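The chain contents come next:
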Amino acid sequence: MKVSIEQSWQKVLQEEFEKPYFKGLTEFVRNEYRSRICYPPGPKIFAAFDHCPFDQVKIVILGQDPYHGPNQANGLCFSVADGISHPPSLINIFKEIEKDLGTPYPQSGNLERWAKQGVLLLNSTLTVQSGNAGSHQKRGWEVFTDTVIAKISELQKDVVFLLWGGFAKKKVKLIDANKHHVLTSGHPSPLSANRGYWFGNKHFSKTNEILKELGKTEIKW
């Protein structure tokens, strides 16, 4: 089965696309997009991969679900299209960057600029029904995205994984911490951030310090 995804990822994940669960997932997603409004738009389902080829992955940030409001989800976790109001978690991400790095709060919430520098912005579930958070969970996406994390861990070295919140932290079991770098904190959502579990984690400066030590180009957050 041919899936429209960036070529380097196609090679790494081809076996996954042939598995029965993925064929069932594909059929489910096609039916959902035919019969309901779903996000992100079909061509952007694999945008995280298309903007960040496998051999260019330096950082992995994990989200859970795409945004389920109109015109928000663009296939990258925490990201929204240009001109769209920033959701609460993204506001808190930008506030932490502002404080951590002393850079101005950005106008655009489109994180393609990060992806093109080697940041894989991966949601655990890649699609969702409009207005119905979590509606495409437990249909196979998590099996697929867990495999993505495991493949990066197995085939790459010195990738920085940013695990924010309880859901993302559970993915640590897929990562070989002896050859990669794992930073954890609370989630940037207001519930977690306002309790003191997000602000001050300095993940953005810490990530750049790791990259600098490795002789890699730092991320322009």
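A. Up close: the environment of His 203. One can find His 203 in helix α9 (residues 203–213). For the pair His 203 and Pro 106, spaced 97 residues apart in sequence, the C-alpha separation works out to 18 Å. The contacts of His 203, once residues within four sequence positions are left out, are Asp 100, Leu 162, Trp 164, Leu 183, Thr 184 and Ser 185.

B. Broad picture of unusual backbone geometry. Omega for the bond connecting Tyr 39 with Pro 40 falls within 30 degrees of zero, at -5 degrees, which places this linkage in the cis form. Here Pro 40 is to be found in the loop between β1 (38–39) and α3 (47–50). Positioned with a positive phi, Asp 158 is a non-glycine residue whose angle comes to about 60 degrees. Tracing the backbone shows Asp 158 in the loop between α6 (141–155) and β5 (160–164). Positive phi values are uncommon outside glycine, yet Lys 202 reaches one of about 55 degrees.

C. Geometry of the packing of aromatic side chains. Summed over the entire model, instances satisfying the criterion amount to 20 aromatic pairs. Seen from their ring centres, Trp 164 and Trp 198 are 4.8 Å apart, and the 80 degrees between their planes marks the pair as edge-to-face. Pair noted here: Trp 164 is in strand β5 and Trp 198 is in the loop between α8 (190–193) and α9, with a separation of 34 residues, a long-range link. Given a relative accessible area of 2%, Trp 164 falls into the buried group.

D. Region of the structure containing the packing of helix α2 (residues 20–35) against α6. Between α2 and α6, whose axes approach to 9 Å, the crossing angle comes to 125 degrees. Comparing their axes, α6 and α2 come out oblique. Here α2 runs over α6; the crossing is left-handed. Residues Tyr 21, Phe 22, Leu 25 and Val 29 of α2 pack against Trp 141, Val 143 and Phe 144 of α6. Class assignment for the residues of the contact of α2 with α6 results in seven nonpolar, no polar and no charged.

E. Main features of α9. Three or more residues of α9 are buried, namely His 203, Phe 204, Ser 205, Thr 207, Asn 208, Ile 210 and Leu 211. Elements that come into contact with the buried residues of α9 comprise β2 (59–63), α4 (88–101), α5 (112–115), β5 and β6 (181–185).

F. Representation of the packing of helix α1 (residues 7–17) against α6 within the structure. Their axes nearest at 11 Å, the elements α1 and α6 cross at an angle of 135 degrees. The angle between α1 and α6 places the two elements in the oblique class. For the crossing formed where α1 meets α6, the hand is right-handed. Contacts between α1 and α6 involve Trp 9, Val 12, Leu 13, Glu 16 and Phe 17 from the former and Val 143, Phe 144, Thr 147, Val 148, Lys 151, Ile 152 and Leu 155 from the latter. Classifying every residue of the contact of α1 with α6 gives nine nonpolar, one polar and two charged.

G. Examining the sheet that holds β2 more closely. Sheet architecture is open: four strands sit in the order β3-β2-β5-β6, paired in parallel fashion. Single-partner strands in this sheet number two, and they are β3 (119–123) and β6. Ignoring strand direction, the axes of neighbouring strands in this sheet form an average angle of 20 degrees. Looking at chain direction, β2 and β5 are connected through three bridges and run parallel. Considered in β5, the bridge of Val 60 is made with Phe 161.

What counts, and where the lines are drawn
Residues numbered from 1 in each chain as written. Predicted model: local features only at pLDDT ≥ 70, side-chain atom pairs only at ≥ 80, totals over all residues. Heavy atoms only, no water. Helix = DSSP H or I, 4+ residues; strand = E, 2+ residues; numbered from the N terminus. Contact = heavy atoms within 4.5 Å. Phe/Tyr/Trp six-rings, centres within 6.5 Å; stacked < 30°, edge-to-face > 60°. Buried < 20%, exposed > 50% of the residue type's maximum accessible area, 1.4 Å probe, protein only. Axes fitted to C-alpha atoms, helices over the stretch in contact; angles between N-to-C directions. Parallel < 35°, antiparallel > 145°, perpendicular 65-115°, else oblique. Left-handed = near helix turned anticlockwise from the far one by under 90°. Nonpolar A, V, L, I, M, F, W, Y, C, P; charged D, E, K, R; others polar. Pairing = 2+ DSSP bridges.

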